[in-house]
Amino acid sequence: MATTSGEARSDVSRPASIRLPGIVLGVGMGGFVDGILLHQLLRWHHMLSGTDRDRVGVRYYDPGTVSGLEMNTVWDGVFHTVCWLSVLLGLAILYSRVTHDRRRVWTSRVLWGWMFVGWGLFNLIEGVLDHHVLGIHHVRAGEGQVWWDVGFLLLGALFLAGGYLLQRGGRPFAPAGRFEGRRA
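Note that this is a predicted model, so its numbers are computed, not measured.

Chemist: So what about the overall build of the protein chain? Which residues, and what values?
Modeler: Helix and strand counts for the protein chain stand at six helices and zero strands. From first element to last, N terminus to C terminus, the protein chain shows the α and β order α-α-α-α-α-α. Buried positions account for 41% of the 184 residues belonging to the protein chain. About 10,400 Å² of surface is accessible on the protein chain, with carbon and sulfur atoms providing 66% of the total.

Chemist: I'd like a rundown of the packing of helix H5 (residues 109-133) against helix H6 (residues 145-168), residues and numbers included.
Modeler: The contact between H5 and H6 brings their axes to 7 Å, and the two run at 160 degrees. Comparing their axes, H6 and H5 come out roughly antiparallel. H6 is crossed by H5, and the crossing has left-handed handedness. Residues that form the contact of H5 with H6 fall into these classes: 18 nonpolar, nine polar and three charged.

Chemist: Can you lay out the nonpolar core for me, pointing to particular residues and giving the numbers?
Modeler: Membership of the largest hydrophobic core comes to 21 residues, with the highest contact counts inside it found for Leu25, Leu94 and Leu111. At the level of secondary structure, the elements contributing two or more residues to this core comprise helix H2 (19-41), helix H3 (66-97) and H5. Element by element, the count of residues in this core is highest for H5, at six residues. Setting aside anything within four residues of it in sequence, one finds Leu25 in contact with Val87, Gly90, Leu91, Leu94, Trp106, Leu111 and Met115.

Chemist: So, the packing of aromatic side chains: which residues are in play, and what are the values?
Modeler: The final tally for this structure, using the stated rule, is six aromatic pairs. Centroid distance Phe116 to Trp119: 5.9 Å. Interplanar angle 5 degrees. Geometry classified as stacked. Here Phe116 pairs with Trp119, and both are found in helix H5, just three residues apart, close to one helical turn. Between Phe116 and Phe159, the ring centres sit 5.5 Å apart and the planes meet at 40 degrees, which makes this aromatic pair tilted.

Chemist: Mind laying out H5, listing which residues take part and the relevant values?
Modeler: Taking 1.5 Å per residue, 25 residues should reach 36 Å; H5 reaches 34 Å between its end C-alpha atoms and fits that length. At Gly127, H5 is bent by approximately 30 degrees, the largest bend along its length. For H5, the N-terminal capping position is held by Ser108, with its side-chain oxygen 3.0 Å away from the main-chain nitrogen of Val110. Positive backbone phi, at 65 degrees, marks Gly135, one or two positions downstream of H5.

Chemist: Provide a residue-level description of the environment of Ile93, including the pertinent values.
Modeler: Assignment of secondary structure puts Ile93 in helix H3. Since its relative accessible area comes to 16%, Ile93 is described here as buried. Counting along the chain gives 69 residues from Ile93 to Val24, while the straight-line C-alpha distance between them is 9.0 Å. Setting aside residues no more than four positions away along its own chain, Ile93 makes contact with Leu20 and Pro21.

Chemist: Give me the lowdown on unusual backbone geometry, citing residues and values where you can.
Modeler: For Arg43, which is not glycine, the phi torsion reads 55 degrees and is therefore positive. Secondary-structure assignment places Arg43 in the loop between H2 and H3.

Thresholds applied
Sequence order as written defines residue numbering, which begins from 1 separately in each chain. Two thresholds apply to this predicted model, a pLDDT of at least 70 for residue-level local features and 80 or more for giving and counting side-chain atom pairs, whereas whole-chain, interface and lining totals are computed over all residues. Excluded from the side-chain calculation are hydrogens and water; included are all heavy atoms of the structure. Starting at the N terminus, helices and strands are each numbered in turn, a helix being any DSSP run of H or I of at least four residues and a strand any DSSP run of E of at least two. Remark: exposure states derive from per-residue accessible area (1.4 Å probe, protein chains only) relative to the maximum for the residue type, with buried under 20%, exposed over 50%, and partly exposed in between. Calculation of accessible area relied on Shrake-Rupley with a 1.4 Å probe; when residues are assessed, cover is drawn exclusively from the protein chains displayed. Convention adopted: a line fitted to C-alpha atoms gives each axis, helices being fitted over their contacting stretch, and angles between N-to-C directions are expressed from 0 to 180 degrees. Here is the rule for angles: anything less than 35 degrees is roughly parallel, anything more than 145 is roughly antiparallel, 65 through 115 is roughly perpendicular, and the remaining ranges are oblique. Each crossing is labelled by how the near helix is turned from the far one, with a counterclockwise turn of less than a right angle marking it left-handed and a clockwise turn marking it right-handed. Gly counts as polar in this scheme, as do all residues outside two lists: the nonpolar Ala, Val, Leu, Ile, Met, Phe, Trp, Tyr, Cys and Pro, and the charged Asp, Glu, Lys and Arg. Residues enter a nonpolar core if they are buried and are Ala, Val, Leu, Ile, Met, Phe, Trp, Tyr or Cys, with the set joined through side-chain atoms within 4.5 Å. The contact criterion used throughout is that any non-hydrogen atoms of two residues lie within 4.5 Å. Two rings from Phe, Tyr or Trp (for Trp, the six-membered ring) form a pair when their centres are within 6.5 Å of each other. A pair whose planes differ by under 30 degrees is stacked, one over 60 is edge-to-face, and the rest are tilted. In a helix, the anticipated span is given by 1.5 Å times the number of residues less one. Here the bend at each residue means the angle between axes fitted to two seven-residue stretches, the one ending at that residue and the one beginning there. Think of a polar contact as two N or O atoms within 3.5 Å of one another; within protein, one of them needs to be a possible hydrogen donor and the other a possible acceptor, and neighboring residues in sequence only count if both atoms come from side chains.

Shown next, in the form of structure tokens:
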């Protein structure tokens, strides 16, 4: 079907078709970095390591004891399961929207930009909710913990803004069967 240049321009301004899978993948990847780096490798916190000072009344499981570490590990596992499901969902959505030229999608600044937006959203939502509102854990508990928590939020804001700018500078991508000028 023929389109006028006015119709083509409005089609280009539509939301990107890989925005949602990029954001969902970024949320999962951001969660994995948090869980693997901060929970497991650095052992700065676990999902319930700050519940002795929380705002919701969750029982405290001291990660310095075997039983406390066991319970925190279970909840870290639940957290990682949610991250894993987010990555699977993001990949499924991406795959359903891409039927050709998959290499171009994975090298696209647009996809990686939206993934950084998702990572930034993860940091901001998880940081505000778990660190500040619920208080169930902090990035690094103890002296100066508020600065670690604020730094986590700032990093999230940088990822969100940087990812948005990265995807804006990407080349248009058209999934199969879509108008070639449409931005992905």
